[in-house]
Amino acid sequence: MIGIGTPPEQTSCSRAGCRTAATWRLDWRNPRIHAAGRVKTWLACDEHVDYLREFLAARDFPLTVEPLAADPLAADPLTVEAPAVARRPEAGAE
């Protein structure tokens, strides 16, 4: 069971019946029922990535396929590093 806010211990392929470790990420949406900001994610092993991509493409669903990042935060487009803070020179220092 996956807890809220915790990554799964193992990621497996989304193809029915496959429990192989996933190496690909397919982000897609059904434009007939999902708003532009609503994206679903399927995971795929090397054997099934083409099958799942073709399944979604045949339905004209917008999709992207990328390698699955080992570090989930590395692939998160919302993760932003804090900007460097400029220090003011101390008074009298030149």
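Residues numbered from 1 in each chain as written. Predicted model: local features only at pLDDT ≥ 70, side-chain atom pairs only at ≥ 80, totals over all residues. Heavy atoms only, no water.

J.: Outline the packing of aromatic side chains, supporting the account with residue identities and numerical values.
T.: If you walk through the whole model with that rule in mind, you get three aromatic pairs. With a centroid separation of 5.4 Å and 10 degrees between ring planes, the pair formed by Trp28 and Phe61 is classed as stacked. With Trp28 in strand 1 (residues 24–28) and Phe61 in the loop between helix 1 (49–57) and strand 3 (63–67), this pair connects stretches of sequence that are 33 residues apart. Look at Trp28 and you get buried, because its relative accessible area is 8%. Among the aromatic residues, those joined into a cluster by ring pairs are Trp28, Trp42, Phe55 and Phe61. For Arg15, the ring lying beneath its charged end belongs to Tyr51, and the centroid distance is 4.0 Å. (Phe/Tyr/Trp six-rings, centres within 6.5 Å; stacked < 30°, edge-to-face > 60°. Helix = DSSP H or I, 4+ residues; strand = E, 2+ residues; numbered from the N terminus. Buried < 20%, exposed > 50% of the residue type's maximum accessible area, 1.4 Å probe, protein only. Lys NZ or Arg CZ within 6 Å of the ring centre and 35° of its normal.)

J.: Explain the sheet that holds strand 2 (residues 40–44) residue by residue, including any values.
T.: Note: strands within a sheet are paired through backbone hydrogen bonds, in either parallel or antiparallel orientation. Sheet architecture is open: three strands sit in the order 2-1-3, paired in antiparallel fashion. Looking at strand neighbours, the two that pair on one side only are strand 2 and strand 3, the edges of this open sheet. When the angles between neighbouring strand axes are averaged without regard to direction, this sheet yields 20 degrees. In this structure, strand 1 lies alongside strand 3, joined through five bridges in antiparallel fashion. (Pairing = 2+ DSSP bridges. Axes fitted to C-alpha atoms, helices over the stretch in contact; angles between N-to-C directions.)

J.: Mind laying out unusual backbone geometry, listing which residues take part and the relevant values?
T.: We note that Asp60 has phi near 60 degrees; this positive angle belongs to a residue other than glycine. Examined against the element boundaries, Asp60 turns out to sit in the loop between helix 1 and strand 3. With a relative accessible area of 62%, Asp60 lands in the exposed category.

J.: Explain the state of the cysteines residue by residue, including any values.
T.: Within the structure shown, the criterion is met by zero disulfides. Here Cys45 is not disulfide-linked; the sulfur of Cys13 is the nearest cysteine sulfur, at 3.8 Å. By relative accessible area, Cys45 is classed as buried at 2%. (Disulfide = S-S within 2.5 Å.)

J.: Which residues make up the pairing of strand 1, and what values go with them?
T.: Judged from the five bridges that link them, strand 1 and strand 2 form a sheet pairing that is antiparallel. Directly across from Leu26, in strand 2, lies its bridge partner Trp42.

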